[in-house]
Amino acid sequence: MHTDLCEKFGIDYPIYGFTPSEHVAAAISRAGGLGVLGCVRFNDADELDAVLTWMDDNTDGKPYGVDIVMPAKIPTEGAAVDLDRLIPPEHRAFVDRTLDSLGVPPLGEDKARNTGVLGWLHSVARSHVDVALHHRIALIANALGSPPNDVIAQAHEHGVPVAALAGKAEHARRHVENGVDIVIAQGYEAGGHTGEIGSMVLLPEIVDALDGSAAVLAAGGIGSGQQVAAALALGAQGVWMGSAWLTTAEYRLGARKEGKPSAMQEALLAATSSDTVRTRIYSGKPARLLKTAWTDAWNAPDAPDPLPMPLQNILVSEAHQRIDSAANPQVVAMPVGQIVGRMNEIKPVADVVAELVTGFDEAVGRLDKLR
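Residues numbered from 1 in each chain as written. Predicted model: local features only at pLDDT ≥ 70, side-chain atom pairs only at ≥ 80, totals over all residues. Heavy atoms only, no water.

A. Highlighting the pairing of strand β2 (residues 34-38). Of all 5 residues in β2, 5 are buried; the element is thus mostly enclosed. With burial as the criterion, each face of β2 is covered, one bearing Leu34, Val36 and Gly38 and the other bearing Gly35 and Leu37. Once you follow strand β1 (residues 15-19) into helix α2 (residues 22-30) and on to β2, the crossover reads as right-handed. Note that β2 and strand β3 (residues 64-68) share 4 bridges and pair parallel. Bridge pairing in β3 places glycine 38 opposite aspartate 67. For the crossover that starts at β2, traverses helix α3 (residues 45-57) and ends in the parallel β3, the hand is right-handed. (Buried < 20%, exposed > 50% of the residue type's maximum accessible area, 1.4 Å probe, protein only. Helix = DSSP H or I, 4+ residues; strand = E, 2+ residues; numbered from the N terminus. Right-handed = clockwise from strand over helix to strand, strands pointing away. Pairing = 2+ DSSP bridges.)

Below, the structure is given as structure tokens:
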């Protein structure tokens, strides 16, 4: 499992692991892949700077990357308090009513309210780029397509390649024309923001469309060595994985007690590949989430239409905080892909990587016998 991208980045395996957890990202890099830290949760540049300093010190000198969120269409800008005024009262009433009906208690008086993730804003995302380029990052990826040309130029001036997700061949071609170095072909099966074309169809379409003008990573529905082998057989030079890391021992998003899985992880461990839904309720753009009582409520006839980005995230930010505090696996608000059906055990990141490599070797061995 060694491609040209391994040489380019100085990694053992072409496994690119996206995660909002610095602990997971660092572990992926230490295990021979390239951990990519999602930056959208950082409203404060100083907080991101501190976390990247931790990454510098905890990756054993191995490379890592960052993932920012810069939509092609610039969303409404403004401070949280200003954007908050743009949210209709009926949307707030629906959220409060839904949380009450689901038995989600209000936050305690001692807890600071989450005002929303401003990382969806272009201005904040640009500050993420500025901070990241002062650290030893090896890659900047954009979760929502090609970054602005000046951001690409800024990264290239620092010798940092740029990757962008694409859900259509035409998007991939446009990314490369804009200067993107690596295209991440993300199929419909993926968690989080995703398009409408399945990976088996999308990946070879993008590989053929680019015709070697840029390296391609496969994303969406990848969680085993067999699937890595299939991706490389279809022309990818590596894989981009996100969901598979949510049930690793290093994941720290949910509160864990006495070594037990968090409520979020319990929900993921019990889910099948049919238990996800693609909806705009998380951020305002289509994203695949775990199907729970929370997503069902937004699908009810009396539910309002989700707001555009970033207003929808600001609307549900405190709700997500309350849901997390409630620790009820039946009521979870979590992006995850259809690969969740394979995520049946909590295990260290290093074990996940080792199993990917072993499964890849076995799959290629079977193909060798056929040939």
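B. Fine view of the environment of aspartate 84. Structurally, aspartate 84 is set in helix α4 (residues 80-84). Residue aspartate 84 is classed as partly exposed on the basis of its relative accessible area, which comes to 33%. Sequence separation of aspartate 84 and leucine 232 is 148 residues, and the distance between their C-alpha atoms is 45 Å. Sequence-distant contacts of aspartate 84, that is, excluding residues within four places in its chain, are made with Arg92 and Ile314. (Contact = heavy atoms within 4.5 Å.)

C. Layout of the nonpolar core. Ranked by internal contacts, the top residues of the largest apolar core, which has 48 residues, are Ile206 and Trp245. With 7 residues, helix α14 (residues 349-370) is the single largest residue contributor to this core. No fewer than three residues from each of domain 1 (4-71 + 120-249 + 350-369) and domain 2 (83-116 + 257-325) sit in this core. Sequence-distant contacts of tryptophan 245, defined by excluding residues within four places in its chain, comprise Ile15, Gly17, Phe18, Val24, Ile28, Tyr251, Val349, Val352 and Val353. Among the nonpolar cores identified, the runner-up in size contains 27 residues, and Ala25, Leu52, Tyr64 and Ala132 belong to it. (Core = buried A, V, L, I, M, F, W, Y, C linked by side-chain atoms within 4.5 Å. Domains from an automatic or database assignment.)

D. Quick peek at the sheet that holds β1. Read once around its circumference, the closed barrel built from 8 strands follows the order β1-β2-β3-β4-β5-β6-β8-β9, with strand pairing classed as parallel. Direction aside, neighbouring strands of the sheet carry axes that sit 25° apart on average. (Axes fitted to C-alpha atoms, helices over the stretch in contact; angles between N-to-C directions.)

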